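# Residue-level structural notes
Residues per chain, in single letters:
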Amino acid sequence: MHTKAQIHADPVLELDQFDGLPDSLVLLILNKLEDVRSLGRCSAVSKRFSGLVPLVHDVCVKIDHVVTVDGDSDDALSLSSPKPHNIISHLLKLMLFAIAKPFHDMRSPNSTGRPLFPQLSQHSPVQVLKNFSHVHNLQVELPSGDVAVEEGVLLKWRAEYGSTLQNCVILGGTLVDRKAAGNGHEPSSDDNGSMPESFYTNGGLKLRVVWTISCLIAASTRHYLLRSIINDHPTLRSLVLADAEGQGALSMGAEQLKDFREHQLSASPCSNRTQVPACNMKLKYAQYLELPGGLALQGATLLVIKPASDGSSSGHGNRKEVDAFVSGAFNGPLRFAAKALMKRRTCLLEMNGF
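Please read all numbers here as calculations on a predicted model, not as lab measurements. (Residues numbered from 1 in each chain as written. Predicted model: local features only at pLDDT ≥ 70, side-chain atom pairs only at ≥ 80, totals over all residues. Heavy atoms only, no water.)

Attention now moves to the overall build of the chain. Across its full length, the chain carries 13 helices and ten strands. Classification of the 354 residues of the chain by burial places 44% in the buried group. Roughly 18300 Å² of accessible area belongs to the chain as shown, and the carbon and sulfur atoms make up 53% of that amount. (Helix = DSSP H or I, 4+ residues; strand = E, 2+ residues; numbered from the N terminus. Buried < 20%, exposed > 50% of the residue type's maximum accessible area, 1.4 Å probe, protein only. Areas by Shrake-Rupley, 256 points an atom, 1.4 Å probe, with all protein chains shown as cover.)

See below:
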């Protein structure tokens, strides 16, 4: 029969070894989580975690569904306008509404029964992020793209913003499919890299203009919706607002965030988005483009867009920066397509601001 001393566990073995880890190492682990929901759950584990979670540097906010917001509720991003005039802006704000629930349901570990973040009663993502005081790198992911396209159509865009648009690249195609074995496509004998006459007469150019305007509206709307977050987090060094479908991504680096804070935002007078400046565009086109992995892209189009006010647009150094931005904007077969189209002849276009 065991003695009493043998039955009871050694008190030394009951110590939580995790408590012996320094805060700096725990923060390193929490930074690997990134996901705002996981961080919200960690903050409910203990008083120590509750104090460390607001200090993380890397935060990722994934919005997975759209919820209904009552008409009397505050705007999901606390915008000054009482009612959004732009449907894209309205839908984005409805989707951003969904991220606060994991935080709102959390209860304080001190058994008071009060929510960890009582200010989240309005379910505002801006308020969620206000609980993080040292964010350096922020990623926000929307559940879907902003521009509706027909099945089989390829449309991707990437944009860099400061206080206004700095760079934008759009990659599109009227049909992306898989090549049939032994059914190689013979390039047209008059395909010398320039736009065929049919491109201007059968609505091809008009379609690309619609793509351009739609993508720029989506980018400027995302940019406008981020202003409260940027102003509330002076420690931000990088910010990306993308979508789960990979259609579009808006990015801002440290210098661009500084430019955003130092210059007044130019808002569009008719909707909740940033004013799109007058732009110069380079359009490159290929009727048919074979891609790695057995893919093919018909009506392949690359649009490189810069503000017309950028006086250095003709400089060699600036051209290298733009080329680097374009080549690094996409991955996999899409990167191959962008690089292949960059070698094609260029059609220069101009667009007024809107």
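Let's shift gears to a nonpolar patch on the surface. Together, Phe 18, Leu 25, Leu 28 and Ile 29 give the surface a local cluster of nonpolar side chains, amounting to about 320 Å² of exposed area. Classification of Phe 18 by relative accessible area gives partly exposed; the value is 31%. (Patch = residues over 30% accessible without salt bridge, like charges linked within 9 Å, V, L, I, M, F, W, Y side chains within 5 Å. Salt bridge = Lys/Arg side-chain N within 4 Å of Asp/Glu carboxyl O.)

Time to look at the UniProt feature "domain: F-box" (unreviewed entry) in the chain. UniProt's feature table lists "domain: F-box" (unreviewed entry) at residues 19–53, given in the numbering used throughout. Helix makes up 69% of residues 19–53 and strand 0%. Its end C-alpha atoms lie 15 Å apart. (UniProt positions renumbered as here; feature names shortened; annotations may be inferred.)

Attention now goes to the packing of aromatic side chains. Following the criterion strictly, the structure yields two aromatic pairs and no others. Aromatic side chains Phe 199 and Tyr 200 sit 5.6 Å apart centroid to centroid with 90 degrees between the ring planes, which places their arrangement in the edge-to-face category. Overall, the relative accessible area of 40% leaves Tyr 200 in the partly exposed class. Arranged with centres 4.6 Å apart and planes meeting at 50 degrees, the rings of Phe 199 and Tyr 285 form a pair that is tilted. Here Phe 199 is found in helix α8 (residues 197–201), whereas its partner Tyr 285 is found in strand β8 (residues 279–291), with 86 residues between them in sequence. Comparing Phe 199 with Tyr 285, the two get one shared label, buried. Taken together, the ring pairs connect Phe 199, Tyr 200 and Tyr 285 into an aromatic cluster. Just above the ring of Tyr 224 sits the side chain of Arg 227; from NZ or CZ to the centre is 4.2 Å. (Phe/Tyr/Trp six-rings, centres within 6.5 Å; stacked < 30°, edge-to-face > 60°. Lys NZ or Arg CZ within 6 Å of the ring centre and 35° of its normal.)

Following the criterion strictly, the structure yields four salt bridges and no others. Here Asp 232 ties to Lys 130 by a salt bridge, and the two come within 4.0 Å at their closest N and O atoms. Of the two residues, Asp 232 sits in helix α10 (residues 227–232) while Lys 130 sits in the loop between α7 (125–129) and β2 (137–142), which places them 102 residues apart along the sequence. By relative accessible area, which is 42% here, Lys 130 ends up partly exposed. For Arg 222, the salt bridge identified is with Asp 146, shortest N-O distance 2.8 Å. Here the residue Arg 222 occupies a position in helix α9 (residues 204–225), and Asp 146 occupies one in the loop between β2 and β3 (154–161), the gap between them amounting to 76 residues. Of the two residues, Arg 222 and Asp 146, neither departs from the other in class, the shared state being buried. By sharing partners, the salt bridges in this structure join Asp 146, Arg 222 and Asp 243 into a single network.

This part takes up the side chain of Arg 227. Counting through the fold element by element, Arg 227 comes out in helix α10. Residue class for Arg 227 comes out buried when judged on its relative accessible area of 15%. Of the polar contacts made by the side chain of Arg 227, one reaches the backbone oxygen of Tyr 224; its length is 3.2 Å. (Polar contact = N/O pair within 3.5 Å; in protein donor to acceptor, adjacent residues only side chain to side chain.)

Topologically, Arg 41 is positioned in helix α3 (residues 36–42). Residue classification places Arg 41 among the partly exposed positions, given a relative accessible area of 47%. A sequence separation of twelve residues divides Arg 41 from Val 53, and the C-alpha atoms of the two residues are 9.8 Å apart.

Let's shift gears to the pairing of β2. On β2, burial follows the alternation: Leu 138, Val 140 and Leu 142 on one face are buried, whereas Asn 137, Gln 139 and Glu 141 on the facing-out side are not. Relative to strand β6 (residues 238–243), β2 runs parallel, the two sharing six bridges. Counterpart to Val 140 in the pairing with β6 is Leu 241. (Pairing = 2+ DSSP bridges.)

Val 59, Phe 132 and Leu 138 are the most contacted members of the largest nonpolar core, which has 55 residues in total. In terms of residue count, the dominant contributor to this core is α9 (five residues). For Val 59, the contacting residues outside a window of four places in its chain are Glu 34, Val 36, Leu 39, Leu 129, Phe 132, Val 135, Asn 137, Leu 138 and Gln 139. If you look at the next biggest cluster of nonpolar residues, it comprises 19 residues, including Leu 291, Val 304, Val 322 and Leu 341. (Core = buried A, V, L, I, M, F, W, Y, C linked by side-chain atoms within 4.5 Å. Contact = heavy atoms within 4.5 Å.)

The exposure class of Arg 222 is buried, given its relative accessible area of 0%. Considering only alpha carbons, one finds Arg 222 and Ala 249, 27 residues apart in sequence, at a separation of 9.2 Å. Within the structure, the side chain of Arg 222 is placed 2.8 Å from the side chain of Asp 146, a separation counted as a polar contact. A polar contact of 2.9 Å, which involves the side chain of Arg 222, links it to the side chain of Asp 243.

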